[in-house]
Amino acid sequence: MARVRLKPLALWARERGLPYSTAHKMLREGKIQAERVGEWWMVREEVPEEGPAQGRVLTLFTHAGGAGKTSLTRDLGYEMASRGKRVLLVDMDPQANLSAWLGHEEVPEEETALVIFEGRATPQPKEVLPNLHLLPAQVELARAEVLLSREPHNAFALRGALNELREVYDLILVDSLPSLGSLAVAAALAGDGLIVPVELSRKGAQALRTVVQVARGYGISLQRMRLWVGRSFVRLVVPTHAEGTARDREALKALEEALSGAVPVAPPLIRRPAVYREAQAKGVPVQLVGGNEVLRELKALGDLVEETLLQEEVAV
Ligand SMILES: Nc1ncnc2c1ncn2[C@@H]1O[C@H](COP(=O)(O)OP(=O)(O)OP(=O)(O)O)[C@@H](O)[C@H]1O
Ligand SMILES: [Mg+2]
């Protein structure tokens, strides 16, 4: 896989203290290599080869609907890919929002994770950007629930399939569905741990308590099979839909207390309806349509993931 990363032209220019118009002129004159992503020019930069892939698998997980799993999968995936990490996004939700948001609507079911539960070979992921690949979904992925109810041992089918891809990718992010059913369990068991987005509200705090409880069970099962070691299978909690109010701060404190220091809590992601709507409509990560604050927010999250989750030992 090419070790290339893409950087928005505006950001590339700013880092060099150049006006955007100068950077654009260099682009027109062929002095820099760039490609189009939607309406944006992205500069191609070579990244030094870093050796073997880091091969981490993390599942974005909570049964609370609309907490931000899919947005976070897309945006964290883009953040890590733009640092030169090789990233695979796996859409495990039959709603298939992640696939649609990344421009892969109307995907044949043979190209989704459904075939993994049917015992067939893993489909070839699709390239979204250099270093950012997608195993898409579509509505028929819901049939995996039926297969899982007939053959419960298939709960580890996704884990087995993704294990084979650990040699290829530094980071595999699995976008789960808002459920605690068998498909969500298979998504959770595929990972080295869970990233849990939590809406800063009473509903969010309640959902987190349940997720922590079920995650304990997943961790114990994996540990018994020597497939996982660690203190908490919930590896990171990401507060979402923050408004910066006093009520938010109280909710954050309550989250931290509920986790009793066992799980890091990321800096909250701010609620920005217009920016997120635009990202969806244009089929791009939120970093491409938001301003500097959005870039800083996702960079802080990327730093945290790089410094903690990508550094840990994994047992597979
Ligand atoms: N920080 C944010 N500010 C404003 N809107 C947001 C933010 N994050 C996500 N959203 C919006 O909230 C909605 C739900 O987000 P998303 O689909 O990512 O959550 P989800 O947990 O994947 O939902 P589901 O449970 O249905 O899979 C989406 O319309 C998304 O654009
Ligand atoms: Mg979702």
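How each quantity is defined
Residues numbered from 1 in each chain as written. Chains lettered and ligands numbered in written order. Predicted model: local features only at pLDDT ≥ 70, side-chain atom pairs only at ≥ 80, totals over all residues. Heavy atoms only, no water. Helix = DSSP H or I, 4+ residues; strand = E, 2+ residues; numbered from the N terminus. Rg over C-alpha atoms; globule rule 2.2 N^0.38 Å. Buried < 20%, exposed > 50% of the residue type's maximum accessible area, 1.4 Å probe, protein only. Areas by Shrake-Rupley, 256 points an atom, 1.4 Å probe, with all protein chains shown as cover. Lys, Arg positive; Asp, Glu negative; His and termini not counted. Charge placed at Lys NZ, Arg CZ, Asp CG, Glu CD. Domains from an automatic or database assignment. Contact = heavy atoms within 4.5 Å. Buried area = accessible area lost by both parts, 1.4 Å probe. Salt bridge = Lys/Arg side-chain N within 4 Å of Asp/Glu carboxyl O. Near = heavy atom within 4 Å. Polar contact = N/O pair within 3.5 Å; in protein donor to acceptor, adjacent residues only side chain to side chain. Nonpolar A, V, L, I, M, F, W, Y, C, P; charged D, E, K, R; others polar. Pairing = 2+ DSSP bridges.

A. How the structure looks around the overall build of the protein. Within the protein, the secondary structure is distributed over 12 helices and 10 strands. For the protein, whose C-alpha radius of gyration is 19 Å, the value lies close to the compact-globule estimate of 20 Å for 316 residues. Dimensions of the protein, computed from the C-alpha atoms along their principal axes, are close to 60 × 50 × 35 Å. In the protein, which comprises 316 residues, the share counted as buried stands at 53%. As displayed, the protein offers around 14200 Å² of accessible surface, 51% of which is attributable to carbon and sulfur atoms. Averaged over its 39 positive side-chain charges, the protein has a centre that lies 4 Å from the centre of its 41 negative ones.

B. Quick peek at the domain arrangement of the protein. Per the domain assignment, the segments of the protein are domain 1 (4-46) and domain 2 (56-307). Listed by partner, the interface residues are 12 residues for domain 1 and 14 residues for domain 2. Here domain 1 packs against domain 2, burying approximately 1000 Å² in sum over the two surfaces, 64% of which is carbon and sulfur. Among the residues of domain 1 in contact with domain 2, Arg5, Leu6 and Trp40 are the three that bury the most area, contributing 44% of the side total. Linking domain 1 with domain 2 are one salt bridge. A salt bridge links Glu39 to Lys282; the nearest nitrogen and oxygen atoms lie 3.5 Å apart.

C. Structural view of the site of ligand 1. Of all residues adjacent to ligand 1, which total 19 residues, the nearest are Thr70, Ser71, Ile270, Arg272 and Gln280. One of the side-chain nitrogen or oxygen atoms of Lys69 is found 2.9 Å away from an oxygen atom of ligand 1. Here an oxygen atom of ligand 1 and a side-chain polar atom of Gln95 are 3.2 Å apart. For ligand 1, the accessible surface in isolation is 630 Å², of which the surrounding protein chains cover 83%. Breaking the shell around ligand 1 down by element, the ones donating at least two residues are helix H3 (69-81) and helix H11 (273-282). Split by residue class, the shell around ligand 1 holds seven nonpolar, eight polar and four charged.

D. How the structure looks around unusual backbone geometry. Positive phi outside glycine occurs at Arg226, with the angle close to 55°. Its place among the elements puts Arg226 in the loop between helix H9 (202-224) and strand S10 (234-240). On the basis of relative accessible area, Arg226 is assigned to the exposed category, the value being 71%. Positioned with a positive phi, His241 is a non-glycine residue whose angle comes to about 55°. Summarising the element assignment, His241 is placed in the loop between S10 and helix H10 (246-258). A relative accessible area of 25% means that His241 is categorised as partly exposed.

E. Examining the pattern of salt bridges more closely. Under the defined criterion, the tally for this structure stands at 26 salt bridges. Salt bridges here are not isolated pairs; linked through shared partners, they connect Glu79, Arg83, Lys85, Lys299, Asp303 and Glu306.

F. Representation of the pairing of strand S8 (residues 171-175). A large share of S8 lies buried, amounting to five of its five residues. Sheet topology places strand S4 (residues 56-60) next to S8; five bridges connect them, and they run parallel. When the sheet's bridge partners are listed, Arg56 is paired in S8 with Leu171. Pairing of strand S5 (residues 87-91) with S8 involves five bridges; the strand directions are parallel. Across the sheet, the residue bridging to Leu88 is Ile172, located in S8.

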